[in-house]
Amino acid sequence: MGPPHVQEVPAVTTTPQAVRRASPRTRRPATPAAPDPTAGLLPQSEPVRLLNPDGTALPPRDDYPEPPVETLREMYRRMVVGRRFDTQATALTKQGRLAVYPSARGQEACQVGGVLALRDTDWVFPTYRESMALTARGLDPVEVLTLLRGDWHCGYDPAVTRTAPQCTPLATQSVHAAGLAYGESYQGRDTVALTFIGDGATSEGDFHEGVNFAAVFKAPVVYLVQNNKYAISVPLSRQTAAPALAYKGVGYGVPSEQVDGNDPVAVLAVLNRAVAHARAGKGPYLIEAHTYRMEPHTNADDQTRYRDAEEVEAWRDRDPIARLEAYLRARGVLDDAAVAAVAQEAEEYAAALRRRMDSQPTVDPLSLFDHVYAEPTPQLVEQRELVRAELEAARDEEGDA
């Protein structure tokens, strides 16, 4: 008798999909996608531009609406006057009237746009190169040039003008701006602080400390980085490997943007958005403006040692004043008469500056001790009296001679 017959049952291969269909109780909800931590922080991959280099308009953008045409006309006027001031200040340096002058020629859109985007109650924190920006804000040009003539560290009243002294050490103003902006916000005021930064200053620790502080405490600061391609003679490629300086903001949680710094319309549009962001209590904003310094770093600089004439000439075709003038003419809001009137105003401004700079200031050596502290320390008083005694002794010697 043989073994009992056993019917073979074919093996069943079960796929994961079949298991999920057969076992609905084991079904798990899909894991939601993690939020993008960089959302709203990264700049656009290409600088924002609203005008072509020849001044023709590009298609309008919803994210950066064009400023009112009257504001652009005023921007043009201040840029023309500002360039004439800059040229005159350079000439004063050659005549020995100024010890040094850092020209901002070629950066007029950033210089004027920076102050035009602000209210009178906002604060400006400038570098040594922002003389044009300060005169565009309405400060007395002679008082602005006092630092560069060597009479005073600051010739204007910062509290009255709401403009900090021009900062010679790189990037320290980024910390000052963050502190003042936070203090204003803490007291319930909607003040915005705008600080001008050079590309070289982004390599300094103070820049990073200021941006980080502003981000943590949501201080209403706008950091305007004027990337003019050189930190004196050091090219940008030797300062950073980042795709653009604007990307530095994401590391601190700061929204950033990059803009064609020679496009006045785009510069003002981006600044308007950044200032509104800060004023609304959303914290700081970082802007990188791609621009170019047409003149040497200062009158003491030999630019031919680190850049060639062809490079400079190529940027001359992107002139921000010519660009805005062509656009306003095409819009029919600027004509030959208006251009001539602005040019005449600029010449009169320069002539008045020459006349006023002809007179030599009277400097009191004891003023060296003024404004060091709100209340002079005993040591400072002692030092002042020592200098006073030396001055009197020198006068007595001259009288006896």
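Residues numbered from 1 in each chain as written. Predicted model: local features only at pLDDT ≥ 70, side-chain atom pairs only at ≥ 80, totals over all residues. Heavy atoms only, no water.

As a further point, take the overall build of the protein. The number of helices and strands found in the protein is 13 helices and seven strands. Its C-alpha atoms give the protein principal-axis dimensions of roughly 150 × 60 × 45 Å. Looking at the protein as a whole, 44% of its 401 residues are labelled buried. Within the structure as shown, the protein displays about 21100 Å² of accessible surface, and the carbon and sulfur contribution to it stands at 53%. (Helix = DSSP H or I, 4+ residues; strand = E, 2+ residues; numbered from the N terminus. Buried < 20%, exposed > 50% of the residue type's maximum accessible area, 1.4 Å probe, protein only. Areas by Shrake-Rupley, 256 points an atom, 1.4 Å probe, with all protein chains shown as cover.)

As a further point, take the pairing of strand 2 (residues 193–198). Burial within strand 2 is extensive, with five of its six residues counted as buried. Pairing analysis gives three bridges linking strand 1 (residues 123–125) to strand 2, with the strands arranged parallel. Along strand 2, the bridge assignment pairs tryptophan 123 with alanine 193. Between the parallel pair strand 2 and strand 3 (residues 221–227), the chain is carried across by helix 8 (residues 205–216), and the sense of this crossover is right-handed. (Pairing = 2+ DSSP bridges. Right-handed = clockwise from strand over helix to strand, strands pointing away.)

Because an α-helix packs 3.6 residues into every turn, residues spaced three or four apart end up facing the same way. For helix 12 (residues 336–358), spanning 23 residues, the distance from its first C-alpha to its last is 33 Å, which sits close to the expected 33 Å at 1.5 Å a residue. Every buried residue of helix 12 is listed here: Ala338, Val339, Val342, Ala346, Ala350, Ala351, Leu353 and Met357. Lining the buried residues of helix 12 we find helix 2 (69–94), helix 5 (141–149) and helix 11 (320–330). (Expected span 1.5 Å × (residues − 1). Contact = heavy atoms within 4.5 Å.)

Looking now at the packing of helix 3 (residues 108–116) against helix 9 (residues 264–279). Pairs of packed helices are described in terms of their axes, by the angle between the two and the distance that separates them. Relative to each other, helix 3 and helix 9 sit at 35°, their axes nearing to 9 Å. Here helix 3 runs over helix 9; the crossing is right-handed. Where helix 3 approaches helix 9, its residues Ala109, Cys110, Gly113, Gly114 and Leu116 are matched on the opposing element by Pro264, Val267, Leu268 and Leu271. Along the lines of polarity and charge, the residues of the contact of helix 3 with helix 9 split into seven nonpolar, two polar and no charged. (Axes fitted to C-alpha atoms, helices over the stretch in contact; angles between N-to-C directions. Left-handed = near helix turned anticlockwise from the far one by under 90°. Nonpolar A, V, L, I, M, F, W, Y, C, P; charged D, E, K, R; others polar.)

Counting 53 residues, the largest nonpolar core has Met75, Tyr76, Val222, Val259, Leu271, Ile287 and Leu324 as its most contacted members. Per element, the largest residue contribution to this core is ten residues, and it comes from helix 9. Aside from chain neighbours lying at most four places away, what touches methionine 75 is Ala109, Val112, Gly113, Leu116, Pro264, Leu268 and Leu324. Ala178, Ala214, Ala215 and Val254 belong to the second largest nonpolar core, which has 21 residues in total. (Core = buried A, V, L, I, M, F, W, Y, C linked by side-chain atoms within 4.5 Å.)

In this section: the pattern of salt bridges. Counted according to the given criterion, the structure contains 24 salt bridges. With its nearest N and O atoms 2.9 Å apart, the salt bridge here joins aspartate 260 to arginine 323. Of this pair, aspartate 260 sits in strand 6 (residues 256–260) while arginine 323 sits in helix 11; the two residues are 63 residues apart in sequence, bridging distant segments of the chain. Arginine 323 carries the same exposure label as aspartate 260, and that label is buried. Close ionic contact of aspartate 336 with arginine 329 constitutes a salt bridge, the shortest N to O distance being 2.8 Å. Put simply, Glu74, Arg77, Arg78 and Glu345 are held in one network by salt bridges that share partners. (Salt bridge = Lys/Arg side-chain N within 4 Å of Asp/Glu carboxyl O.)

On inspection of all chains with the given rule, the structure shows zero disulfides. Between cysteine 154, a free cysteine, and cysteine 167, which holds the nearest cysteine sulfur, the sulfur-to-sulfur gap is 11 Å. The exposure class assigned to cysteine 154 is buried, which follows from its relative accessible area of 16%. On the accessibility criterion, cysteine 167 (9% relative accessible area) is buried. (Disulfide = S-S within 2.5 Å.)

Taking 1.5 Å of rise per residue, the twelve residues of helix 8 would be expected to cover 16 Å, and the 17 Å separating its terminal C-alpha atoms lies within 8% of that figure. Along helix 8, the residues classified as buried are Phe207, Gly210, Val211, Ala214 and Ala215. The buried residues of helix 8 occupy an angular sector of 130° when the element is viewed end-on, so they sit on one face. Away from its buried face, by an angle of more than 90 degrees, helix 8 presents the exposed residues Glu209 and Val216. Close packing links the buried residues of helix 8 with helix 7 (172–186), strand 2, strand 3 and strand 7 (285–290). Looking one or two residues past helix 8, lysine 218 carries a phi angle of roughly 50°, positive in sign. (Arc of directions from axis to C-beta.)

Turning next to the packing of aromatic side chains. Across all of its chains, the model carries ten aromatic pairs by this definition. Judged by centre distance (6.5 Å) and plane angle (80°), the rings of phenylalanine 85 and tyrosine 349 are edge-to-face. In this pair, phenylalanine 85 is assigned in helix 2 and tyrosine 349 in helix 12, connecting sequence segments 264 residues apart. Between tyrosine 182 and phenylalanine 213 the ring centres are 5.8 Å apart and the planes differ by 90°, which places this aromatic pair in the edge-to-face class. With a gap of 31 residues between them, tyrosine 182 in helix 7 and phenylalanine 213 in helix 8 connect regions that are remote in the sequence. Residue classification places tyrosine 182 among the partly exposed residues on the basis of a relative accessible area of 29%. You can call phenylalanine 213 partly exposed: its relative accessible area is 31%. Through pairs of rings, three or more aromatic residues link up here, namely Tyr182, Tyr186, Phe213 and Phe217. (Phe/Tyr/Trp six-rings, centres within 6.5 Å; stacked < 30°, edge-to-face > 60°.)

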